Structures are given as C-alpha cells and as structure tokens.
Amino acid sequence: MANVEQLKLIKQGVKRWNQWREQNSNMKPDLSESDLRQAYLQKANLSHANLNKVKLQFSNLTGANLKETSLKKAKFQEANLQSANLQSANLSGVSMLEGNLQYADLENAILKDAQFSEDVLLNQTNLKGTNLEGANGLSSNQINLAITDKQTKLPDYLEEEMDDDFLLQM
C-alpha cells in the first residue's frame with residue numbers, strides 16, 4: 001500500500017514532488033496500488049519508486065524519470081510515456097493498451113507478460129536488452145519501428161514472425 005504522505009505530495013504537483021525528491025534523494029517512494037488516473041506527471045522523478053499495481057490510465061508521464069522503478073501489474077491504458085526513462089524498470093504484467101512509448105528508453109527493462117495492443121506507439125523506442133517474453137498484442141511492425149539489439153527478448157510468437165519475415169526477404 002502507498003505511503004499516504006507521499007501520495008498527498010505527488011497530488012500537489014510535479015514541481016513540489018520533484019523538490020521533495022531532491023531533498024530526500026535516499027528515499028524510495030511507495031505509491032503502490034494508488035489511483036493516479038489522468039495525473040499530470042510530466043517530467044516527474046519517480047525513479048527507484050514502488051509503483052506496483054498503480055492505476056495510471058490516461059496519465060501524462062512525458063519525459064518522466066522511471067529508471068529502476070517497480071511497476072509490476074500497473075495499468076497504462078492510453079497513458080503518454082513519450083520520452084520517459086524506463087531503463088531497468090520492472091514492468092512485468094503491465095497493461096499498456098493504446099499507450100504512447102515513442103522515444104522512451106526501456107533499455108534492460110522487464111516487460112514479461114505485458115499486454116499491448118496494435119495502437120501502442122513504439123516509434124524510436126529503445127528496447128535494447130528488454131525482456132518481452134510472454135508479452136502479447138505486439139506486431140512485428142511495431143517492433144520494427146523500435147530500436148532493438150541481440151539482447152532484446154521478444155515473445156515467442158514474434159520471434160517466429162520475425163524469422164518468417166527474414167525468410168520472405170530471401
């Protein structure tokens with residue numbers, strides 16, 4: 001459960017939250033299971049926080065710092081995560097339906113069993129080293145728009161689809 005004082009603080013706005021984070025840089029915020037739907041969290045410093053099972057549907061997290069944040073089973077339906085830093089974040093089991101992840105940095109993030117839809121925007125999204133095993137709802141077209149490397153672990157159905165695409169090019 002979320003820390004009540006920290007939840008009140010984030011609802012006061014990003015400027016106040018980021019000031020508090022600067023003054024308390026050693027703390028790991030706990031906003032788990034919070035309802036932050038439609039929140040304006042643009043450029044918020046949420047790094048190293050516990051955001052497990054948080055509701056972030058329709059929220060604006062453009063440019064937010066979510067580095068090494070735990071977001072297990074969070075809900076991101078129609079959330080804007082454009083240019084967000086999600087390096088090494090744990091997003092296992094998240095619902096990312098219709099989300100905007102354009103230019104986001106998900107290097108070495110864990111997205112095991114995540115739910116996507118064909119409307120998720122992955123243009124120039126950094127998926128280097130990202131674990132997408134067990135994820136569903138992604139297409140090879142979406143992955144082709146993202147930045148991947150040999151360490152990127154795709155869901156089985158996409159691995160097969162990408163292999164088939166390669167064979168068709170021969």
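Now for a description of the structure that goes with this document.

Criteria and cut-off values
Just so you know, the residues in each chain are numbered from 1, in the order the chain's sequence is written. Selection of residues for local features in this predicted model requires a pLDDT of at least 70, selection of side-chain atom pairs for listing and counting requires 80 or more, and totals for whole chains, interfaces and linings are taken over all residues. Only hydrogens and water are set aside; all other atoms, that is, all heavy atoms of the structure, feed into the side-chain values. In DSSP terms, a helix is any run of H or I states spanning at least four residues, a strand is any run of E spanning at least two, and both are numbered starting from the N terminus. Radius of gyration here uses only the C-alpha atoms, and the compact-globule reference equals 2.2 Å multiplied by the residue count raised to the power 0.38. Each residue gets one of three labels from its accessible area relative to the maximum for its type: buried under 20%, exposed over 50%, partly exposed in between, using a 1.4 Å probe on protein chains only. Throughout, the arc means the angular range of directions from the helix axis out to the C-beta atoms. In this description, contact between two residues means that some pair of their heavy atoms is separated by no more than 4.5 Å. Cavity and pocket criteria rest on a 1 Å grid covering protein atoms alone: a 1.4 Å probe that fits but cannot get out defines a cavity, protein on both sides within 12 Å along at least 5 of 7 lines defines an open pocket, and an atom within 4 Å of a point defines a lining residue. Grid points are joined across faces, edges and corners, and a volume is the space filled by probe spheres set on the points. Classification used: nonpolar for Ala, Val, Leu, Ile, Met, Phe, Trp, Tyr, Cys and Pro, charged for Asp, Glu, Lys and Arg, polar for all others including Gly. Residues enter a patch when their relative accessible area is above 30% and they make no salt bridge; the linking distance is 9 Å between like charges and 5 Å between nonpolar side chains (Val, Leu, Ile, Met, Phe, Trp, Tyr). To be clear on the numbers: accessible area is Shrake-Rupley with a 1.4 Å probe, and residue cover counts the displayed protein chains and nothing else. A carboxyl oxygen of Asp or Glu within 4 Å of a side-chain nitrogen of Lys or Arg is what we treat as a salt bridge. Charge assignment in this entry is limited to Lys and Arg as positive and Asp and Glu as negative, and neither His nor the chain termini are counted. By convention, the charge on Lys lies at NZ, on Arg at CZ, on Asp at CG and on Glu at CD.

### What about the overall build of the protein chain?
Okay, so step 1: Along its length, the protein chain carries four helices and zero strands.
Okay, so step 2: Ordered by position from N to C terminus, the α and β elements of the protein chain give α-α-α-α.
Okay, so step 3: Its C-alpha radius of gyration of 16 Å places the protein chain within 12% of the 15 Å reference for a compact globule of 170 residues.
Okay, so step 4: In terms of overall dimensions, the protein chain has a C-alpha envelope of 60 × 25 × 20 Å along the principal axes.

### Brief notes about unusual backbone geometry
Okay, so step 1: Even without glycine at this site, lysine 43 takes up a positive phi of about 65°.
Okay, so step 2: Assignment of secondary structure puts lysine 43 in the loop between α2 (14-23) and α3 (140-145).
Okay, so step 3: One non-glycine residue with positive phi stands out, namely asparagine 108, at about 60°.
Okay, so step 4: On the secondary structure map, asparagine 108 appears in the loop between α2 and α3.
Okay, so step 5: You can call asparagine 108 partly exposed: its relative accessible area is 43%.

### Details of α2
Okay, so step 1: Buried within α2 are the following residues: Val14, Trp17, Asn18, Trp20 and Arg21. Viewed along the axis of α2, the buried residues span an arc of 160°, placing them on a single side of the element. Opposite the buried face of α2, at more than 90 degrees from it, the exposed residues are Lys15, Glu22 and Gln23.
Okay, so step 2: Residues of α2 that are buried make contact with α1 (4-10).

### Structural notes on empty space enclosed by the protein
Okay, so step 1: By the definition in use, this model includes one cavity of 30 Å³ or more.
Okay, so step 2: If you add up the space inside the largest cavity, you get close to 40 Å³.
Okay, so step 3: What lines the largest cavity is simply Leu101, Leu106, Leu111, Phe116, Leu122, Leu127 and Leu132.
Okay, so step 4: Of the residues that constitute the lining of the largest cavity, the class distribution is seven nonpolar, no polar and no charged.

### Focus: the environment of leucine 97
Okay, so step 1: Note that leucine 97 resides in the loop between α2 and α3.
Okay, so step 2: For leucine 97 and phenylalanine 76, which are 21 residues apart along the polypeptide, the C-alpha to C-alpha distance reads 6.8 Å.

### Digging into a negative patch on the surface
Okay, so step 1: The grouping of Glu78, Glu98, Glu118 and Asp119 at the surface amounts to a negative patch.
Okay, so step 2: Tracing the backbone through its elements, the reader meets glutamate 118 in the loop between α2 and α3.

### Focus on the environment of lysine 55
Okay, so step 1: Note that lysine 55 resides in the loop between α2 and α3.
Okay, so step 2: Here lysine 55 falls in the partly exposed class, since its relative accessible area comes to 36%.
Okay, so step 3: On a C-alpha basis, the gap between lysine 55 and glutamate 107 in space is 23 Å, while along the polypeptide they are 52 residues apart.
Okay, so step 4: Setting aside chain neighbours within four positions, we find lysine 55 in contact with Ser34, Asp35, Leu36, Arg37 and Lys75.

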